[in-house]
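Residue strings, one per chain:
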Amino acid sequence: MNDRLRKKRESQKRKDIHKILDLVLDINGMQASQQKVTGNHPTAFLDFAGHIGILTIDVRKNGWCPGQGYGERVEVDVRSRPFSCYCPAELAVEKLMKLKRELA
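So, here is what we can say about the structure in this document. (Residues numbered from 1 in each chain as written. Predicted model: local features only at pLDDT ≥ 70, side-chain atom pairs only at ≥ 80, totals over all residues. Heavy atoms only, no water.)

Here we look at the overall build of the chain
On a plain count of helices and strands, the chain comes out with three helices and three strands. Secondary structure of the chain in N-to-C order comes out as α-α-β-β-β-α. Across the 104 residues that make up the chain, the buried fraction comes to 29%. Contacts in the chain between residues far apart in sequence, at least 24 positions, make up 38% of those at least 6 positions apart. For the chain, the computed accessible surface area is about 7100 Å², with 52% contributed by carbon and sulfur atoms. (Helix = DSSP H or I, 4+ residues; strand = E, 2+ residues; numbered from the N terminus. Buried < 20%, exposed > 50% of the residue type's maximum accessible area, 1.4 Å probe, protein only. Contact = heavy atoms within 4.5 Å. Areas by Shrake-Rupley, 256 points an atom, 1.4 Å probe, with all protein chains shown as cover.)

Looking at the pattern of salt bridges
Per the stated rule, a full pass over the model turns up five salt bridges. Among the ionic pairs, Asp26 bridges to Lys100, the shortest N-O distance being 3.1 Å. You can see Asp26 sitting in helix H1 (residues 3-28) and its partner Lys100 sitting in helix H3 (residues 89-103), a full 74 residues away along the chain. Given the relative accessible area of 47%, Asp26 is considered partly exposed. Judged by its relative accessible area of 32%, Lys100 falls in the partly exposed class. With a shortest N-O distance of 2.8 Å, Asp58 and Arg60 are connected by a salt bridge. As far as the burial class goes, Asp58 and Arg60 line up, both buried. (Salt bridge = Lys/Arg side-chain N within 4 Å of Asp/Glu carboxyl O.)

Some thoughts on a nonpolar patch on the surface
Together, Leu21, Leu25 and Met30 line one region of the surface with nonpolar side chains, adding up to about 300 Å² of accessible area. Structurally, Leu21 is set in helix H1. On the basis of relative accessibility, which here comes to 37%, the residue Leu21 falls in the partly exposed class. (Patch = residues over 30% accessible without salt bridge, like charges linked within 9 Å, V, L, I, M, F, W, Y side chains within 5 Å.)

Structural notes on H3
If you check H3, its first and last C-alpha atoms are 21 Å apart, about what 15 residues at 1.5 Å a residue would give, namely 21 Å. Every buried residue of H3 is accounted for by Ala89, Ala92, Val93, Leu96 and Leu99. Down the axis of H3, the smallest arc covering the buried residues is 130°, so these residues share one side. Looking at H3, the residues exposed on the side facing more than 90 degrees away from the buried face are Glu94 and Arg101. (Expected span 1.5 Å × (residues − 1). Arc of directions from axis to C-beta.)

A look at the environment of Val76
Inspection of the secondary structure puts Val76 in strand S3 (residues 72-77). Residue Val76 is classed as buried on the basis of its relative accessible area, which comes to 0%. Along the primary structure Val76 and Ile57 are separated by 19 residues, whereas in three dimensions their C-alpha atoms are 8.0 Å apart.

So, the nonpolar core
Counting 16 residues, the largest nonpolar core has Ile20, Ile57, Val59, Val74, Val76, Ala92 and Leu96 as its most contacted members. Of all the secondary structure elements, the ones that give two or more residues to this core are H1, strand S2 (54-60), S3 and H3. For this core, the element with the highest residue contribution is H3, accounting for five residues. (Core = buried A, V, L, I, M, F, W, Y, C linked by side-chain atoms within 4.5 Å.)

The following block contains the structure:
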């Protein structure tokens, strides 16, 4: 693969990651969000493990409370050679957009 194509792919991946962050902020908002305070307002978590190139998004549709299990999870592989058990960033954007519509 030539450098131009590689840089173009990396640029698109960064745009997708920024879109994922925007969607998480749209779902969650900027406030602290606990079920006892905000009721059933959805709560979204975004974790980035830079050492392995994985983004994990966890959306609790009815809010977050201590001791609760995971909500709807989307795990995104942002490496140049993604493993099959994680979805690519562009697919994660589609999944989060659908989830955001469901929560509206």
